[in-house]
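Next come the chains, spelled out residue by residue.
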Amino acid sequence: MMKEPILRRYMSVLVFAGGALWPSSAMAHLRVSDSALFSGIIQPFTHVEGTILLLVLSLWAGCAVRSRVILLRFCLGGLAGGMLLGGMLAPDAMAKMSLAVVILTLGMGLAVAADRPGPGKLAVILTPIAGFILGGFWREGLEFGVKTTLFFMLGLAVSATALAAVVMAAAFFARGRVARIGVRILASWACAVSAMLLAYWYRSGPY
Amino acid sequence: MKLAPINKNQLTLSWLLAVVIILIPGLAGAHTDGAGGGGFMTGFMHPLGGLDHVLAMVAVGLWGAILGSPAVWILPVAFPLIMTLGAVAGILGLPLPQVELGIVSSVVMLGLVIAVKFRPNLPLAVIIVSFFAVFHGYAHGVELPQNAGALGYSSGFVVATGLLHMAGIVAGLVHRLPWGERVLQGGGLAVTVTGLYLMKQLYL
């Protein structure tokens, strides 16, 4: 049984969830020019293809690092850094980025669903790469100047990293049997969705 | 005021629930005529729109609950993955004969295994469920509307299927009660009879 500190953390997650729900009433018809930072913050909640990868990546990293908190911190840092770099430097190639997002989701989802996440060091290597792809994917198609892009990417990195931190922590602390099953079922759902997206892609081109 | 302590499982499940809640506005919020929202509801309603799908999915959950661990959680993990193979075949337009027969047969067979308390080993249970999952997935995949958002549709259909399994698992927990097994066997029989009726409708 856990005591007060965990309860405080529990409350903070609820506050975070409440905060994340709040923009849903205000995000409609928001123009990018209104606020690059705010647009970046809500981007993971409006472009869900990337968010599914973010969730699966976080579940996978949380499982792969096992009990080594230090690796989890490297993963989070690498993810945030990779996203920032991807947003600033990734090539303009929407179709390839989307395909990479779907393939990564499928692979990582399978690894978690099969309960074979692999070594923690692999998570430390792959999270910045996935972050780079995600950053490029989420920034794709937005015609910003360098300064505006930087603000947009900062907002994006903050909200996406916060979301990833919550999910990584959930997977990391999921030691109980029921919790592990929940993680694996969620991963299998994400995996199924990405496999269907790949098929749809093959049939009709980029969705 | 002193708060009651919570255990680790409750905490982790709460976090996962929070994440799911966070994602809801992105899927169901503004601009539902676009690729996200409309597709999600179309996909979500698809497995719920046919009695054959609903009965088969719930029956899988019921059977898993009866078989107990580890089948109770392996089946819900394996089913969407295998079903997706069928969906992929449907989306790509690959031929699969007698899809409707496969679907109604799954209702009859899954009801029957519950009614007769058939308890095979785990690999055989997974093979049986996977075989039928392909037909269900194919039907969903082939009916993917051309104008539906692929992501929304896929997510909706996978989530709805998963929720039906969970409903079956929760209902199946009744077998732990003294009279529960009889109730489940009766439910299994009812599913089989309904499946036979659907089969009659299909061919007569």
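Residues numbered from 1 in each chain as written. Chains lettered and ligands numbered in written order. Predicted model: local features only at pLDDT ≥ 70, side-chain atom pairs only at ≥ 80, totals over all residues. Heavy atoms only, no water.

Okay, the overall build of chain A next. Within chain A, the regular secondary structure consists of eight helices and zero strands. Each helix and strand of chain A, placed in order from N terminus to C terminus, yields the pattern α-α-α-α-α-α-α-α. Across the 207 residues of chain A, 53% fall into the buried class. Once local pairs closer than 6 in sequence are excluded, the contacts in chain A between residues at least 24 apart make up 85%. Carbon and sulfur atoms provide 70% of the accessible area of chain A, an area that totals close to 9000 Å². (Helix = DSSP H or I, 4+ residues; strand = E, 2+ residues; numbered from the N terminus. Buried < 20%, exposed > 50% of the residue type's maximum accessible area, 1.4 Å probe, protein only. Contact = heavy atoms within 4.5 Å. Areas by Shrake-Rupley, 256 points an atom, 1.4 Å probe, with all protein chains shown as cover.)

A word on the overall build of chain B. A count of helical and extended segments in chain B gives eight helices and zero strands. What you see in chain B, going N to C, is helices and strands ordered as α-α-α-α-α-α-α-α. The 204 residues of chain B split such that 52% are buried. Restricting the contact set of chain B to residue pairs at least 6 apart, pairs at least 24 apart contribute 86%.

A separate point is the pattern of salt bridges. All names here are of chain B. Tallied over the full model, the rule gives four salt bridges over all chains. In this structure, K117 and E181 form a salt bridge, with 3.0 Å as the shortest nitrogen-oxygen distance. Linking K117 in the loop between α5 (99-115) and α6 (122-142) with E181 in helix α8 (residues 180-203), this pair joins segments that are 64 residues apart in sequence. Taking relative accessible area as the criterion, E181 reaches 26% and is therefore assigned partly exposed. The partner of R119 in a salt bridge is E181, with the nearest N and O atoms 3.9 Å apart. Here R119, found in the loop between α5 and α6, pairs with E181, found in helix α8; they are 62 residues apart in sequence, far enough to count as distant. Judged by its relative accessible area of 44%, R119 is partly exposed. (Salt bridge = Lys/Arg side-chain N within 4 Å of Asp/Glu carboxyl O.)

All right, on to the packing of helix α3 (residues 48-64) of chain A against helix α8 (residues 177-204) of chain A then. Each pair of packed helices can be described by the angle between their axes along with the distance between the axes. Residues and elements named next belong to chain A. Where α3 contacts α8, the axes come no closer than 10 Å and their chain directions differ by 140 degrees. It follows that α3 is oblique to α8 by the angle criterion. By crossing handedness, the relation of α3 to α8 is classed as left-handed. On the side of α3, the interface is formed by I52, V56, L59 and C63, while α8 contributes R180, V183, L186, A187, A190 and V193. Taken together, the residues of the contact of α3 with α8 break down into nine nonpolar, no polar and one charged. (Axes fitted to C-alpha atoms, helices over the stretch in contact; angles between N-to-C directions. Parallel < 35°, antiparallel > 145°, perpendicular 65-115°, else oblique. Left-handed = near helix turned anticlockwise from the far one by under 90°. Nonpolar A, V, L, I, M, F, W, Y, C, P; charged D, E, K, R; others polar.)

What follows is about the packing of aromatic side chains. Residues and elements named next belong to chain B. Overall, the coordinates contain four aromatic pairs over all chains when judged by the stated rule. Relative to F132, the ring of F131 has its centre 5.3 Å away and its plane inclined at 70 degrees; by these criteria the two rings are edge-to-face. Plain terms: the ring middles of Y153 and F157 are 6.3 Å apart, the flat faces sit at 45 degrees to each other, and that makes the pair tilted. With Y153 and F157 both in helix α7 (residues 150-172) and four residues apart, this pair spans about one turn of that helix. Residue F157 is classed as buried on the basis of its relative accessible area, which comes to 0%. What links up through ring pairs into an aromatic cluster is the set F131, F132 and F135. (Phe/Tyr/Trp six-rings, centres within 6.5 Å; stacked < 30°, edge-to-face > 60°.)

Another aspect to go through is the confidence of the model for chain B. Residues and elements named next belong to chain B. In this model, chain B carries a mean pLDDT of 82, and residues with pLDDT of at least 70 account for 79%. For chain B, per-element mean pLDDT is lowest for helix α1 (residues 8-28), which scores 59, and highest for α5, which scores 94. Note that residues 25-37 has pLDDT below 50 and, in this model, 18 contacts with residues that lie over four places away or in other chains. Overall fold confidence for the complex sits at a pTM of 0.74, while the interface term, ipTM, reaches 0.73. (pLDDT = per-residue confidence, 0-100.)

The next thing to look at is the state of the cysteines. All names here are of chain A. Scanning the model with the defined rule gives zero disulfides over all chains in all. Its sulfur unpaired, C75 is 12 Å from the next cysteine sulfur, which belongs to C63. According to the relative accessible area criterion, C75 is buried, its value standing at 0%. Of the cysteine sulfurs around C191, a residue in no disulfide, the closest is that of C63, at 14 Å. (Disulfide = S-S within 2.5 Å.)

So, about the nonpolar core. A:L54, A:W138 and B:W63 are the most contacted members of the largest nonpolar core, which totals 96 residues. Contact partners of B:W63, with chain neighbours within four places excluded, come to B:L110, B:V113, B:I114, B:F118, B:P120, B:A125, B:I128 and B:V129. The next biggest cluster of nonpolar side chains, apart from the first, holds six residues, and it includes B:I103, B:F135, B:Y138 and B:A139. (Core = buried A, V, L, I, M, F, W, Y, C linked by side-chain atoms within 4.5 Å.)

Look at the link from B:S69 to B:P70: it is a cis peptide, with omega at 0 degrees. By secondary structure assignment, the location of B:P70 is in the loop between α3 (51-67) and α4 (71-92). A positive phi angle is found at A:D115, which is not glycine, with a value near 60 degrees. With respect to the helices and strands, A:D115 occurs in the loop between α5 (94-113) and α6 (120-139). Taking relative accessible area as the criterion, A:D115 reaches 33% and is therefore assigned partly exposed.

The next thing to look at is the side chain of B:H136. All names here are of chain B. By the element assignment, H136 lies in helix α6. Relative accessible area serves as the criterion here: at 1%, H136 is assigned to the buried category. Filtering out sequence-adjacent residues up to four positions away, H136 remains in contact with D52, H53, A56, M57, M83, I103 and S106.

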